[in-house]
Amino acid sequence: MTDNKYVLEFVEKYRKLFSPDEVVWVDGSREQHKMLTCEAIATGEVIKLSNSLMPGCLYHRTAVNDVARVEDRTFICTTDREDAGITNNWMAPSEAYAKLDAIAKDAMKGRTMYVIPFSMSKIGSPFAKYGIELTDSLYVVLNMMIMTRVSDKVYDKLKGGDDFVKGIHSKVTLDAEQRYICQFPEDNVIYSLNSGYGGNVLLGKKCFALRIASYQGWKQGWMAEHMLILGVEKPDGETKYICAAFPSACGKTNLAMLIPPKVYQEKGYKVWTVGDDIAWLRKKKGTFYAVNPENGFFGVAPGTNAKSNPNALATTRRNTIFTNVCFNAKNNTVWWEGSKIEAPTKAYDWKGRPWNENMKDENGNPIKGAHPNSRFTAPAKNCPCLSKEFENSRGVPVSAFVFGGRRAKVAPLVYQARDWEHGVFIGATMASETTAAAAGKVGVVRRDPMAMLPFCGYNMCDYFAHWLKMGSRMSNQPKIFHVNWFRTDENGNFIWPGFGDNMRVLDWIIRRCENEVDAVETPIGYMPKAEDINIEGMEDFDMEKLQSVLSLDMNAWKKEADEIGEFFKKFGDKLPEKLWKQLRILKSNLRG
Ligand code: GTP
Ligand code: SPV
Ligand code: MN
């Protein structure tokens, strides 16, 4: 396969440690993919779905205790604890290697070890970074072949060198107590043991493309962000690119694949998807250029339907792997809550138990057919609105960065930063309610700077400083905005309809970038005049509702500012003074 001595040494080292019965070198070919798929079907690791209704699609269930990322078991292992910072769990590399190697010892006895060479971004592009993942899971192999560019061409690109990320994954026994997701950014090494869930085991994604890559970007002068990338094509034919960072399960895939409302379609607006989860950003001639390093979408299934996200639905109709959704045994297809499709009558839930929609648990709550964090893994090229720039190795120029979270109260529909520094402050202090994408309580408001809290591979203070510095070097600084689709009324219902209607907010954002529309100066930043948000053609929505999502509760904001102060204090002296300055400005603005 290769004579690269670093690759051979790496594989041999872990072959000795894991003691697999066999080593299979994955080459990315169609023939091998077909063979491995048949094998996974034969062992029961995946179930083949209806060939006529969903050609090439597979179904998989993870262990019931292994359905989301595990932030409390995720570690950044740097020599100096300070380099991991207060927002990460830390373990000394020597201690971590000893602990992990002990767990890994002989863990693949009786199993096959697969060697997966992959590229993040297009092979050979200036953005491209290469990796090799070792795994004992065929499910991981098949998913990696959708999510990344898996190919033996990667070995040629290494040119005999050792510039690749070493990903080491084993399901071991799936023991949650021995589950570890460890990043060693100084060594370009990732260990993932005792899990089989996507975000923990598809090592090209969060572990590499965010944790390791953010560290690399800090050292090398670029950025890796938890951001979607979309292009808005305007009636004049020009396309503006926007990157948006929302925490997990807060709407990135949906915004990236947005279909504009009729009034916008008629004018000629179109939205194109470049990425739905991760953006790598580089500076060129004073402008940020973004690429999506992934090759597929690992999207949340529940809530995806023909109305909310028809593009995502279309993307998943072939060659897609479904994980932890409900299995419809009548026609060999899948189902999930919020699909707006009638619940199947002969079905098995995500735990594999016979299921129907009337079933209740011991507390009388409905039993869900699909896990709230059930997912689809779909090839990007299936996406009807995939941007023609998706494969562009140079990336797309970024006009705006958008931060956003899930906030029932406080944060208005949209506001704009006064300048770059203020924008970094807005990103650094954003907060959101927790979701099912990570193990733990759902619905708790927490600060999640730039939606990177679980993904920043180094000290968050250095990360903020890096943001401040990168922006200061740009002659063409993107404008920075904050959005919130999730404000609720007194009955707990979302006021803003969201999804396609979010186009109306993107429209304001773009017009702001082009200096085509005025704004109101408020204590928190620039806000739209209500009449500048186009609500034409909206059903069940009016000026009054718009006013309510645009309103600012000054007392709530004063409380927010105090909480931001408490949050900042935790960082100690290393927090950039510029962020304290922004907090002082906010407080003084709020005093009036
Ligand atoms: P990750 O893949 O975990 O990073 O999530 P994501 O940020 O891509 O979130 P996604 O687009 O998958 O949306 C998560 C959930 O939020 C889904 O159940 C969506 O239906 C819901 N959602 C997305 N956009 C909106 C919106 O504009 N309004 C409302 N009310 N819900 C939304
Ligand atoms: C997220 O949690 O932000 C995801 C899913 O995109 S995972 O790959 O599990 O991280
Ligand atoms: Mn994500």
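Everything discussed here concerns the structure shown above.
In this text the structure is predicted, and so the values were computed from the model without any measurement. (Residues numbered from 1 in each chain as written. Chains lettered and ligands numbered in written order. Predicted model: local features only at pLDDT ≥ 70, side-chain atom pairs only at ≥ 80, totals over all residues. Heavy atoms only, no water.)

**Some thoughts on the overall build of the protein chain**
Summing up its helical and strand segments, the protein chain has 16 helices and 31 strands in all. With respect to the three principal axes, the spread of C-alpha positions in the protein chain is 70 × 55 × 50 Å. Among the 592 residues that make up the protein chain, the fraction classed as buried is 61%. For the protein chain, restricting intrachain contacts to residue pairs at least 6 apart in sequence, the fraction spanning at least 24 positions comes to 71%. Charge centroids of the protein chain, computed over 78 positive and 71 negative side chains, lie 2 Å from each other. (Helix = DSSP H or I, 4+ residues; strand = E, 2+ residues; numbered from the N terminus. Buried < 20%, exposed > 50% of the residue type's maximum accessible area, 1.4 Å probe, protein only. Contact = heavy atoms within 4.5 Å. Lys, Arg positive; Asp, Glu negative; His and termini not counted. Charge placed at Lys NZ, Arg CZ, Asp CG, Glu CD.)

**What to know about the packing of helix 2 (residues 30-43) against helix 4 (residues 138-147)**
Helix-helix packing: each pair is described by the crossing angle between the helix axes and the interaxial distance. Running from N to C, helix 2 and helix 4 cross one another at 140°; their axes reach a closest spacing of 10 Å. In terms of orientation, helix 2 and helix 4 fall into the oblique class. The handedness of the crossing between helix 2 and helix 4 comes out as left-handed. Contact with helix 2, carried on its side by H33, L36, T37, E39 and A40, involves L138, V141, L142 and M145 of helix 4 and no other residues of that element. By residue class, the composition of the contact of helix 2 with helix 4 is six nonpolar, two polar and one charged. (Axes fitted to C-alpha atoms, helices over the stretch in contact; angles between N-to-C directions. Parallel < 35°, antiparallel > 145°, perpendicular 65-115°, else oblique. Left-handed = near helix turned anticlockwise from the far one by under 90°. Nonpolar A, V, L, I, M, F, W, Y, C, P; charged D, E, K, R; others polar.)

**Some points on the site of ligand 2**
In the region of ligand 2, the neighbouring residues are R69, Y197, G199, K205, K206, H226, S248, D277, F298, R375, A437 and F455. Contacts to ligand 2 include Y197, whose side-chain N or O atom sits 2.7 Å from an oxygen atom. Against a free-state accessible area of 280 Å², the protein chains account for coverage of 98% of ligand 2. In terms of residue class, the shell around ligand 2 is made up of four nonpolar, three polar and five charged. Domain assignment of the residues forming the shell around ligand 2 places at least three in each of domain 1 (5-44 + 69-221) and domain 2 (225-295 + 388-591). (Near = heavy atom within 4 Å. Polar contact = N/O pair within 3.5 Å; in protein donor to acceptor, adjacent residues only side chain to side chain. Areas by Shrake-Rupley, 256 points an atom, 1.4 Å probe, with all protein chains shown as cover. Domains from an automatic or database assignment.)

**Some thoughts on unusual backbone geometry**
If you check the backbone angles, L174 has positive phi at about 65° while not being a glycine. One can find L174 in the loop between strand 9 (165-170) and strand 10 (180-184). With relative accessibility at 24%, the residue L174 sits in the partly exposed group. The backbone of K285 sits at a positive phi, close to 45°, despite the residue not being glycine.

**Details of the coordination of the manganese ion (ligand 3)**
Around the manganese ion (ligand 3), the protein contributes the donor atoms K206 (NZ), H226 (NE2) and D277 (OD), at 2.1 to 2.5 Å from the metal centre. Between the six donor atoms coordinating the manganese ion (ligand 3), the angles at the centre fall across 66 to 174°, so the site counts as irregular. All donors of the manganese ion (ligand 3) belong to a single chain; written as a sequence motif, their spacing is K-x19-H-x50-D. A residue pair is termed long-range when its members are at least 10 positions apart, and H226 in the loop between strand 12 (223-225) and strand 13 (228-233) and D277 in the loop between strand 15 (270-275) and strand 16 (279-284) qualify at 51 residues. With relative accessibility at 0%, the residue H226 sits in the buried group. (Donors = N, O, S within 2.8 Å, 3.2 Å for Na, K, Ca; no water. Tetrahedral: all angles 85-135°; square planar, octahedral: opposite > 155°, others 65-115°.)

**Focus: the nonpolar core**
Judged by nonpolar contacts, the single largest core of 135 residues is most densely connected at W280, F401, W467 and I509. Looking at this core element by element, the count peaks at nine residues for helix 4. In this structure, this core is formed jointly by two domains, domain 1 (5-44 + 69-221) and domain 2 (225-295 + 388-591), each of which donates at least three residues. With 33 residues, the next largest nonpolar core counts M91, A107, M108 and L193 among its residues. (Core = buried A, V, L, I, M, F, W, Y, C linked by side-chain atoms within 4.5 Å.)

**Things to note about the side chain of E421**
Mapped onto the elements of the fold, E421 is located in helix 11 (residues 420-428). Apart from the residues lying within four places of it in its own chain, the contact partners of E421 are L468, K578, K581 and Q582.

**A look at the pairing of strand 11 (residues 189-193)**
Counting buried positions along strand 11 yields five of five residues, so the element is predominantly enclosed. Covered by surrounding structure in strand 11 are V189, Y191 and L193 together with I190 and S192, the residues of both alternating faces. Examined bridge by bridge, strand 9 and strand 11 share five bridges and lie parallel to one another. Within the sheet, the bridge partner assigned to S170 lies in strand 11 and is L193. Direction of pairing for strand 10 relative to strand 11: antiparallel, over a ladder of five bridges. (Pairing = 2+ DSSP bridges.)

**Some points on the site of ligand 1**
Lining the immediate surroundings of ligand 1 are 22 residues, of which A249, K252, T253, N254 and R375 lie closest. Within the side chain of K252, an N or O atom sits 2.8 Å from an oxygen atom of ligand 1. Within the complex, the protein chains bury 91% of what would otherwise be the 660 Å² of accessible surface of ligand 1. Looking at the shell around ligand 1, the elements with two or more residues in it are helix 8 (252-256) and strand 18 (296-300). Element by element, the count of residues in the shell around ligand 1 is highest for helix 8, at three residues. Broken down by class, the residue content of the shell around ligand 1 amounts to 10 nonpolar, eight polar and four charged. A domain split of the shell around ligand 1 shows at least three residues from each of domain 2 (225-295 + 388-591) and domain 3 (297-382).

**Considering the packing of aromatic side chains**
Two numbers describe a pair of aromatic rings. These are the distance of the centres and the angle of the planes. By the definition in use, this model includes 37 aromatic pairs. Where F425 meets F568, the ring centres are 6.0 Å apart and the plane angle is 80°; that geometry is what we call edge-to-face. Taken together, the positions of F425 in helix 11 and F568 in helix 15 (residues 554-569) put the pair 143 residues apart, joining distant regions of the chain. Per residue, the accessibility class of F425 equals that of F568, and both read buried. Ring geometry for F568 against W580: centres 5.4 Å apart, planes inclined by 80°, an arrangement best described as edge-to-face. Here F568, found in helix 15, pairs with W580, found in helix 16 (residues 577-591); they are 12 residues apart in sequence, far enough to count as distant. Linked through ring pairs, Y215, W218, F425, Y458, Y463, F464, F567, F568, F571 and W580 together constitute an aromatic cluster. Against the face of Y289 rests K284, its NZ or CZ located 4.4 Å from the ring centre. (Phe/Tyr/Trp six-rings, centres within 6.5 Å; stacked < 30°, edge-to-face > 60°. Lys NZ or Arg CZ within 6 Å of the ring centre and 35° of its normal.)

**Looking at the sheet that holds strand 21 (residues 333-335)**
What the four strands build is an open sheet, ordered 21-20-22-23; its pairing is antiparallel. In this open sheet, the two strands that pair with only one neighbour each are strand 21 and strand 23 (354-355).

**So, the pattern of salt bridges**
Tallied over the entire structure, the rule returns 34 salt bridges. The shortest N-O distance in the salt bridge between D562 and K587 comes to 3.5 Å. Here D562, found in helix 15, pairs with K587, found in helix 16; they are 25 residues apart in sequence, far enough to count as distant. Under the relative-accessibility criterion, D562 is labelled partly exposed at 44%. The partly exposed category is assigned to K587, whose relative accessible area is 28%. Here the salt bridges do not stand alone but share partners, grouping K205, K206, K252, D277 and E294 into one network. (Salt bridge = Lys/Arg side-chain N within 4 Å of Asp/Glu carboxyl O.)

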